[in-house]
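# Commentary on secondary and tertiary structure
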Amino acid sequence: MVVDARPSHDRRSAVSLFARLRTAEGQTDPFPLYTELRSMGPVVPAPWGGLLVSSFDICDQVLRDRTWLEPDKHWRDKQGPRTRWNAPSSQEMSNTLPALNPPDHTLVRRMAGTFGGAALKRVRRTIIRATDQLLTSLADQLHHGEADFVAAVSDELPVAAIGDWLALPTADRSRLVKLTHDQVFTQELLPTASQLALSDAATAELRTYFMDLVRERRRRPAEDVVSLWIRAWDTIEPDRDKADQAVYYLALFVLLAALETTSTLLSTMVLRLLEQPLMWDLLAANPTFVPAFVEETLRFDPPTHVISRVAAGDRTVGGIEIPQDAMVHLMVGAAHRDPARHTNPDRFDPQRAKSDHLAFSNGIHYCLGAPLARLEAQTLLHHLVRRLPRLTLARRPSWAPRVAFRRLMNLDVAHA
Ligand code: HEM
């Protein structure tokens, strides 16, 4: 039990706050709700158990401290058979990289490799080509009226990039985007039973898809990363079925990690640009501002607003005692607006001295795909400001009713 010495009206306020945060309206602008959360203290007991952390410094410390663990298979099993942690999708996720703790995590992370050097160089060509094609087809659509930027570009570029790296057949890609949107619910903060059922079904389909893909690559190896992972696992795992499973978990998680998050980054970045038309000229005239614009987008409204950890032992966080195995929810979307860390945090300012953020986490689980996500966002921004400088927002976009994984359902744009 988390020891909560605060008045019960705070707990009721936290319940009401999360009820509002989980709606489409709450997601349209969650930041006033985060200000409310912060006013209750930097660390607040969550109504359902565990803690909510909105202080940037405490979030950062927890992520870098190895005595805070991922909720791994062992932890999930202990939560009991009728909890969300025992849903088939959750059990499946417990075998993937971000649910592993050392020493398992250390090995699998080493096998996964990183998006650096050669891998990035090859994918860069695909990203430039895909950006060019997607913007051409967006411009065509705009000749006939409005277009939805999410469907036309943001959902397409990440699947083109990761599809190239994993060598996924082009015909399968739209199905994989759809399955990823459903699968993510098992990773949400408070999934409903029907959302978990969607996630379970999507997970089962993705398992069949990727297990078939891995077996096919074993039969016909190529130079893609799945074939490279098979070769690498074969050197340490004599059982071929186990090696195939390990490669399947890597491919599955890389796909899940790469699609929605990057799509949300691309859309929120363009939304910021549409809200500040003067930025178009600034960026077109000074392309060196592009990386700072992307980083400020990641600070201002990151694709992932919550990252969770569990305590390896009893401890005190922000003056609150919490026992071993209790979960902390690091509210990074709120922490990015912590006035103790950033001056004028509610102002979107790509020229601020430091846009430091936790959008890609920190510590040993720091996002493996951060260089790829940055490359996609920067490439898109470079091309967009030059090719479609007179783009305007047709109407305010709508957001999916979630908490942890932000998702714009549409971003309707038109020519001025
Ligand atoms: C803007 C886009 C992205 C965002 C915001 C994002 C965010 C994150 C976050 C917050 C984590 C850490 C979770 C934790 O600490 O528990 C993470 C981990 C990870 N991400 Fe990303 N990600 C993005 C894009 C990508 C892409 C494109 C890839 C694929 C190449 C990728 C692959 C991974 C992997 C494999 C991990 C697990 C690392 C580990 O546990 O050691 N991500 N990501």
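What counts and how
Residues numbered from 1 in each chain as written. Predicted model: local features only at pLDDT ≥ 70, side-chain atom pairs only at ≥ 80, totals over all residues. Heavy atoms only, no water. Pairing = 2+ DSSP bridges. Helix = DSSP H or I, 4+ residues; strand = E, 2+ residues; numbered from the N terminus. Contact = heavy atoms within 4.5 Å. Axes fitted to C-alpha atoms, helices over the stretch in contact; angles between N-to-C directions. Near = heavy atom within 4 Å. Polar contact = N/O pair within 3.5 Å; in protein donor to acceptor, adjacent residues only side chain to side chain. Nonpolar A, V, L, I, M, F, W, Y, C, P; charged D, E, K, R; others polar. 1 Å grid on protein atoms, 1.4 Å probe; cavity = no way out; pocket = protein on both sides within 12 Å on 5 of 7 lines; lining within 4 Å. Points joined across faces, edges and corners; volume = space filled by probe spheres on them. Salt bridge = Lys/Arg side-chain N within 4 Å of Asp/Glu carboxyl O. Buried < 20%, exposed > 50% of the residue type's maximum accessible area, 1.4 Å probe, protein only. Phe/Tyr/Trp six-rings, centres within 6.5 Å; stacked < 30°, edge-to-face > 60°. Lys NZ or Arg CZ within 6 Å of the ring centre and 35° of its normal.

This brings us to the sheet that holds strand S3 (residues 68-69). A sheet is described by the order of its strands in space; here 5 strands give the open sequence S1-S2-S8-S5-S3, paired in mixed fashion. The sheet terminates laterally at strand S1 (43-45) and S3, the two strands that pair on one side only. Where S3 and strand S5 (residues 307-311) come together, 2 bridges link them in antiparallel fashion. Each residue of the ladder has a partner; that of Leu69, found in S5, is Val310. Sheet strands touched by helix H4 (residues 56-64): S1, strand S2 (51-53), S3, S5 and strand S8 (327-330). Its angle to S8, the strand with the most contacts, is close to 125°.

On to the site of the ligand, then. Near the ligand, the surroundings consist of 26 residues, among which His105, Arg109, Ser361, His365 and Cys367 are the closest. Here Glu70 contributes a side-chain N or O atom positioned 2.8 Å from an oxygen atom of the ligand. Here His105 contributes a side-chain N or O atom positioned 2.6 Å from an oxygen atom of the ligand. Elements that contribute at least two residues to the shell around the ligand include exactly helix H7 (104-112), helix H14 (240-275), S5 and helix H18 (370-387). Of all the elements, H14 adds the most residues to the shell around the ligand, at 6 residues. For the shell around the ligand, the class distribution of residues is 17 nonpolar, 6 polar and 3 charged.

If you roll a probe as big as a water molecule over the atoms, it shows you where there is empty space left. Inspection of every chain in the model, using the stated rule, returns 3 cavities of 30 Å³ or more. Estimates place the volume of the second largest cavity at around 60 Å³. If you trace the second largest cavity, you find it lined by Val150, Asp155, His181, Glu260, Ser263, Thr264, Ser267, Arg407 and Leu408. Residues belonging to the lining of the second largest cavity are distributed by class as follows: 2 nonpolar, 4 polar and 3 charged.

For the rest of this paragraph, the subject is the sheet that holds strand S10 (residues 412-415). Strands in a sheet are paired, the pairing made by backbone hydrogen bonds, and the direction either parallel or antiparallel. Here we have 3 strands laid out as an open sheet, ordered S4-S10-S9, and antiparallel in their pairing. Whereas interior strands pair on both sides, the edge strands pair on one side only; in this sheet they are strand S4 (147-148) and strand S9 (391-393).

Of the volumes computed, that of the largest pocket is approximately 460 Å³. Taken together, 23 residues line the largest pocket, and the ones lying closest to its centre are Asn95, Leu100, Asp104, Val108 and Trp233. Those elements that provide at least two residues to the lining of the largest pocket are helix H5 (73-78), H7, helix H13 (225-236) and H14. By residue number, the principal contributor to the lining of the largest pocket is H14, which donates 5 residues.

As a further point, take the pattern of salt bridges. Side chains that differ in sign of charge can pair as their charged atoms come close. Evaluation of the coordinates by the stated rule reveals 29 salt bridges. For the salt bridge of Glu36 with Arg20, the shortest nitrogen-to-oxygen distance reads 3.0 Å. Of this pair, Glu36 sits in helix H3 (residues 31-39) while Arg20 sits in helix H1 (residues 8-21); the two residues are 16 residues apart in sequence, bridging distant segments of the chain. Taking the relative accessible area as the measure of exposure, Arg20 reaches 35% and is therefore partly exposed. Salt-bridge contacts for Arg341 lead to Asp356; the nearest nitrogen and oxygen are separated by 2.7 Å. Taken as a pair, Arg341 in the loop between helix H17 (332-335) and H18 and Asp356 in the loop between H17 and H18 lie far apart in primary sequence, 15 residues in all.

Right, let's get into the packing of aromatic side chains. Aromatic ring pairs are reported here in terms of the distance separating the ring centres and the angle at which the planes meet. Under the definition given, this model contains 10 aromatic pairs. Aromatic side chains Phe360 and Tyr366 sit 6.2 Å apart centroid to centroid with 65° between the ring planes, which places their arrangement in the edge-to-face category. Residue classification places Phe360 among the buried positions, given a relative accessible area of 9%. The structure contains a cluster of three or more aromatic residues connected by ring pairs, namely Phe31, Tyr34, Phe293, Phe300 and Phe348. Taking the ring centre of Phe31 as reference, the NZ or CZ of Arg337 above it sits at 3.5 Å.

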